[in-house]
Protein chains: 2
Amino acid sequence: MTQPASLTRTLAPGPAAADDAGHAVDVGLLGGYLLGRWPDIRRAARRLAGDPELHRLDGQSMAEHRRRVRDQLQYLVDHGGVHRAFPARFGGADDPGGNIAGYEELVLADPSLQIKAGVQWGLFGAAILHLGTTGHHEKWLPDILSLRLPGAFAMTETGHGSDVSAIATTATYDLASGEFVVNTPFRAAWKDYLGNAARDGKAAVVFAKLITPGRDHPVDHGVHAFMVPIRDDGGAFLPGVGGEDDGLKGGLNGIDNGRLHFDNVRIPRANLLNRYGDVAPDGTYSSPIASPGRRFFTMLGTLVQGRVSLDGAAVAASKAALAIAVRYANERRQFTASPNAEEQRLLDYQLHQRRLLTRLARTYAAAFAHEELLERFHDVFSGVRDTDADREDLETLAAVLKPLSTWHALDTLQECREACGGAGFLAENRLSLLRADLDIYATFEGDNNVLLQLVAKRLLADYAKEFRNADFGVLARWVAAQAADVTLHRTGLRRVVQTVADTGSDRRAANYLKDPGTQRELLTGRVGAMVAELAGALRGAGKLPPTESAKIFNRHQHGLIEAARAHGDLLQWEAFTRALEGIRDPGTLEVLTWLRDLFGLGLIEQHLGWYLLNGRLSAQRARTLGPYLNRLLHRLRPHAQDLVDAFGYGPEQLRAAIATGAEAARQQEALAWARARRASGDFPVPEKYLQPEG
Amino acid sequence: MTQPASLTRTLAPGPAAADDAGHAVDVGLLGGYLLGRWPDIRRAARRLAGDPELHRLDGQSMAEHRRRVRDQLQYLVDHGGVHRAFPARFGGADDPGGNIAGYEELVLADPSLQIKAGVQWGLFGAAILHLGTTGHHEKWLPDILSLRLPGAFAMTETGHGSDVSAIATTATYDLASGEFVVNTPFRAAWKDYLGNAARDGKAAVVFAKLITPGRDHPVDHGVHAFMVPIRDDGGAFLPGVGGEDDGLKGGLNGIDNGRLHFDNVRIPRANLLNRYGDVAPDGTYSSPIASPGRRFFTMLGTLVQGRVSLDGAAVAASKAALAIAVRYANERRQFTASPNAEEQRLLDYQLHQRRLLTRLARTYAAAFAHEELLERFHDVFSGVRDTDADREDLETLAAVLKPLSTWHALDTLQECREACGGAGFLAENRLSLLRADLDIYATFEGDNNVLLQLVAKRLLADYAKEFRNADFGVLARWVAAQAADVTLHRTGLRRVVQTVADTGSDRRAANYLKDPGTQRELLTGRVGAMVAELAGALRGAGKLPPTESAKIFNRHQHGLIEAARAHGDLLQWEAFTRALEGIRDPGTLEVLTWLRDLFGLGLIEQHLGWYLLNGRLSAQRARTLGPYLNRLLHRLRPHAQDLVDAFGYGPEQLRAAIATGAEAARQQEALAWARARRASGDFPVPEKYLQPEG
């Protein structure tokens, strides 16, 4: 059959659509596969996300929305499943990966709920867990988990966001009293944008420069975290603490973001979260990590789960957006070739396919890459694989995937919104408000561009360390090794044999393009060449005075970000390619392979100028790229509904009026009406078919 | 001096910043130039947009916001300036262009206010004016202008948006009573997304298929407009009329959008707006335009001002966004090269320059193109130049500029939002909520992609008409003629002399790139080649059966849209280039020429793959493009503040806390604090500079 079966079925898995060639996606199998390593936790979290108690009520005032989300947090506590990352002795499950797998699904209940839960347990609670020691755990975790102690994570200041090391709040040890004195020296050092700070927070983990008296001069030990009570039981600020409400935001208005400042607030010495740095009663500082720089990055690294979970939440939101827009595009009809023909379904238009299916392809890639990130995160935080190198790799991976997936989610939500026209703008169809909520995902937990710059520096550092004198082939293998797993790596890379003198038919060019080895070479080659070129340009810059070095670096900043982004694209492509190995059903495998090709070749089309300029692709082959992508879109089109159904979201998670079958019902009613009118013989004749009347 | 002067001055025009080479922008002169043909009207409208009475109050509920905007409309009536498009005898000024020049500035008060005003006077009132005749004008315009008669513009249906010809509401002439019977046959034919429909509208201009009894069979004369009362003075629906509230939206929540349906509602024959089609008491239909197709497009064409004004509003919003983000980027400092160096200003980062200045360049291009569109609109609607060809040209120009500028506004608002980090997300800084409001501009008044497809068809039709047998050079000149004015056109086009064998230094390549003749050739050549290629691919499709023809067309839909977009890019570039001719101040001209080059060469970089693949740019020259763009960014950087100051928006229009100098004050306070601490000698020493303590 040529029509997708979706028009006559509900969102419950039904018979899959087979295309003309008989390929069909096994929706149940693919759906199960997408659930990944923690299927039961994901299913349970989706049930929670589908629970009306946890849904956003559109149109609530900011105050009402904040109250609702606060109450929903309590509901989460009562219904379980949000403490999995914590030790079993506190009611958790010692399951960091499973915790995030469940957490990220909450985005579909209400992103405000998700992020407020993230503030309470993923930041405030996690800081106590990871930066504190046993005494802190015993003292505070029970109340944090139960929500008796709501708290803020007071890291960012008005004056410093992504540059955490430059924050200006101080915590000075007072030898006389044995206390720390927490102080905000000026307006730019106010803590800002903190969830729970405007209203609900009773305490805050405050990041401040730890200052000890020193032997003959005060010493700044860099940023440490301190537990600081901020409000009394009546909700009033404690003496010395002040703050402001951040007020209305572009989204996430169920969270009470606010500012805090401290006027020489005294806290007990024991309130220093002292896992990585401690002060003895006599003012002596000690730390298990000698280097202040490494100590700082180690402390921040324990909080990587924020980035990991945003990556997953962005993927979940992208999936939901496509599930809504693809279903609508499969039911909605608009414009007709001739007055007697039925109007065309939106998804039959080439442009609509390009708009939605290319984003579907990246969503799959991002989903598979996220699953790998999550497993790596779990292995590190559960201690299975927890060397310094493992932690560093995890942090780099999170730093490159979070930007790509959060930007992708915004792009996808927007394109889906536009693809649904006016209906896409209504709150009842989710897309526009979800987009508004997810907007900030691109800049919080590390600004996307700042993160990509960190990734670029890591790429350069690895390059410098290993290949100072190596030739280009070695570098290509290195890039491949960064991305490919052992199995693939063992097979080695096919050498680039294509030349500008390349001849052959279009079909041969298409075969060339759809060869995963080709795609890998092209994607890998681009990263490698960009890094090598940057390394060359920046060579020696490190030996110059810092400001000179910074200037040279700055002249290549755009290139650095592009290299990091290309590296992320490659990682997503590799994850997609690895995921194909786990699919046993031939039809599903065939369709997903097309989708992977659409992703990989779409990336190459996007950077075609680079490939041509660098002689990586002949003009002849490049010319076949656009037509081949269109052919892939055409092939994938009958499977689009199955591919979004496999995401496993039902009406209780999607909650979009246009994704309920309402549009199909309207189309059928209109069609039936026209048929009846025609049958009755009183259907008006269009004027143009008449002789002039007069 | 190397630092922009902006840090020490307020937003009021101050001394312009000169760069190292002594170039300086004359901000006052440029500002005046940007005010265009209707400077006084724009200034007055900006004063209105700066009036607190007309400002959005963030955090209002939807109901409060709707009430406020309704009251603001009355305030606009009382304070004048919103009726300029109407005839003087109704209190207007017969000034269609001036009307829009003022109207589009209102976006900075509140986009809801702007669009609700547009619904009342630009759609509902304009339909009466342009589709009705004298009797209608006399009867309804006074009440519409004074707001005693608020109304909806009931064109779109749930089932049909951009395909207006397919709407299903009917108005059937009843010979016995001499009335029209307005009817909604099924759910998909409900009128939808109509401003004023949910609450305030007392009447609606309803678009419906006009059906007459005919001689022996009912005849469908196609879409016509009818005045239909919908609510009584108490606000209750009149008999036969029903409706629904569209509820909360992604933005524009000050407007009461809603749905309407009609159950055989009877209206007098005289309520047909009969300028382009009338029905005599005996049921005879007559029209001054014989062809139903041409008649339909003529009627819709009278409403082109919606698209013209959205183009202008999108430009105004882009300007405001950049004024906010550039100022902040000039004051905000983040990250330091070394502990002793001052932190860098955001705008000194290459990436930040690329993010903001490339968008500034397109904003200038879009502003100049809009001004030309507005003048053309004025000439047509004031009757100065009003042939069928003029109208068609105007409609095509509006159809290509509105998509480009509305998407650009969303892109710019988003990039500015992200460039301001967490501060960009707060309502107090405007960006995120402005973006939410403008989102729908991309799909209402014609979906952007549908409009671009119309433009592509026009390009193809012109091509087919004039150049069926012409060679490529003729085509190139044709494309140039579409874009260049007579003056430029007379000089003729420099022939493309560049070849792949091109040799020469980088400097020569840069000279080549900055030659406007080169930029024009490259941009023009691309449009021409794309259209010619499409024409070849679609040749003969028109002779096939409609469904076959549609299939072939659909296989090239992506290419069609890309060609239309490239055409629009070229038109903006040409408008920018023409605008340079009017600038007499050498410094201003130099800086704006760099900005134009940044825009033109940025477009070429964006489509580098195409240029290389089609042999239009040698690899050698292509390689200089990126470095040259970076050089342009570096040159433009000292002038960025002046270039946004010239937009002429003050704090009362921008209303962004971060664009008030607050950030500069915070930076200075922090700096002064650090200096004082260092002077006092008690500044803590960083641990890493100490000997180990123990």
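The name recorded for chain A in an unreviewed UniProt entry is acyl-CoA oxidase, from Arthrobacter mobilis. Taken verbatim from the UniProt record of chain A, the Cofactor (unreviewed entry) comment is "FAD". What UniProt states about chain A under its Subcellular location (unreviewed entry) heading is, verbatim, "Peroxisome".

Student: Looking at this model, I keep getting lost on the interface of chain B and chain A. Mind explaining?
Tutor: By a widespread convention, an interface's size corresponds to the accessible area lost as its parts come together. Each partner contributes to the interface: chain B provides 107 residues, whereas chain A provides 107 residues. For the chain B and chain A pair, buried surface summed over both sides reaches about 8500 Å², with 58% attributable to carbon and sulfur atoms. For Asp439(B), the salt bridge is made with Arg417(A), and the minimal N-O distance between the two is 3.0 Å. Counting the contacts that link chain B with chain A gives 59 residue pairs in polar contact (both at pLDDT 80 or more). Looking at the side of chain B that touches chain A residue by residue, the class counts come to 45 nonpolar, 31 polar and 31 charged.

Student: What is the right way to look at the sheet that holds strand β4 (residues 191-194) of chain B in this model?
Tutor: Strand pairing in a sheet takes place through backbone hydrogen bonds and is either antiparallel or parallel in direction. Residue and element names in this part refer to chain B. Sheet architecture is open: 3 strands sit in the order β4-β8-β7, paired in antiparallel fashion. Two strands lie at the open edges of the sheet, namely β4 and β7 (241-245), each paired on one side alone. Geometrically, the sheet is characterised by an average inter-axis angle of 25 degrees between neighbouring strands, direction not taken into account. With 5 bridges joining them, β7 and strand β8 (residues 258-262) adopt antiparallel strand pairing. Along β8, the bridge assignment pairs Val-241 with Phe-262.

Student: Is there a simple way to think about the side chain of Glu157(A) in this case?
Tutor: Residue and element names in this part refer to chain A. For Glu-157, the location among the structural elements is in the loop between β1 (151-154) and β2 (170-174). A polar side-chain atom of Glu-157 sits 3.0 Å from a polar atom in the side chain of Lys-191. Every residue in contact with Glu-157, bar those within four places of it in the chain, is listed here: Ile-167, Ala-168, Thr-169, Ala-188, Ala-189, Trp-190, Lys-191, Asp-192 and Phe-207.

Student: Even after reading the chapter, I still don't get the UniProt feature "domain: Acyl-CoA oxidase C-alpha1" (unreviewed entry) in chain A, so can you show me in this structure?
Tutor: Mapped onto the present numbering, the UniProt feature "domain: Acyl-CoA oxidase C-alpha1" (unreviewed entry) falls at residues 301-460 of chain A. Regarding residues 301-460 of chain A, the helix share stands at 74% and the strand share at 0%, and the terminal C-alpha atoms are separated by 20 Å.

Student: What am I meant to see in the packing of aromatic side chains here?
Tutor: Given two aromatic rings, one states the distance between the centres and the angle between the planes to describe the pair. Counted according to the given criterion, the structure contains 28 aromatic pairs over all chains. Ring geometry for Tyr364(A) and Phe576(A): centres 6.3 Å apart, planes at 20 degrees, overall stacked. On the criterion of sequence distance, the pair formed by Tyr364(A) in helix α9 (residues 350-381) and Phe576(A) in helix α19 (residues 557-580) is long-range, its members being 212 residues apart. Here Tyr364(A) and Phe576(A) have matching classes, each one buried. Aromatic rings pair up to connect Tyr33(A), Tyr364(A), Phe368(A), Phe576(A) and Phe647(A) into one cluster. For Arg187(A), the ring lying beneath its charged end belongs to Trp190(A), and the centroid distance is 4.1 Å. Against the face of Phe381(B) rests Arg391(B), its NZ or CZ located 4.8 Å from the ring centre.

Analysis parameters
Residues numbered from 1 in each chain as written. Chains lettered and ligands numbered in written order. Predicted model: local features only at pLDDT ≥ 70, side-chain atom pairs only at ≥ 80, totals over all residues. Heavy atoms only, no water. UniProt positions renumbered as here; feature names shortened; annotations may be inferred. Contact = heavy atoms within 4.5 Å. Buried area = accessible area lost by both parts, 1.4 Å probe. Salt bridge = Lys/Arg side-chain N within 4 Å of Asp/Glu carboxyl O. Polar contact = N/O pair within 3.5 Å; in protein donor to acceptor, adjacent residues only side chain to side chain. Nonpolar A, V, L, I, M, F, W, Y, C, P; charged D, E, K, R; others polar. Pairing = 2+ DSSP bridges. Helix = DSSP H or I, 4+ residues; strand = E, 2+ residues; numbered from the N terminus. Axes fitted to C-alpha atoms, helices over the stretch in contact; angles between N-to-C directions. Phe/Tyr/Trp six-rings, centres within 6.5 Å; stacked < 30°, edge-to-face > 60°. Buried < 20%, exposed > 50% of the residue type's maximum accessible area, 1.4 Å probe, protein only. Lys NZ or Arg CZ within 6 Å of the ring centre and 35° of its normal.

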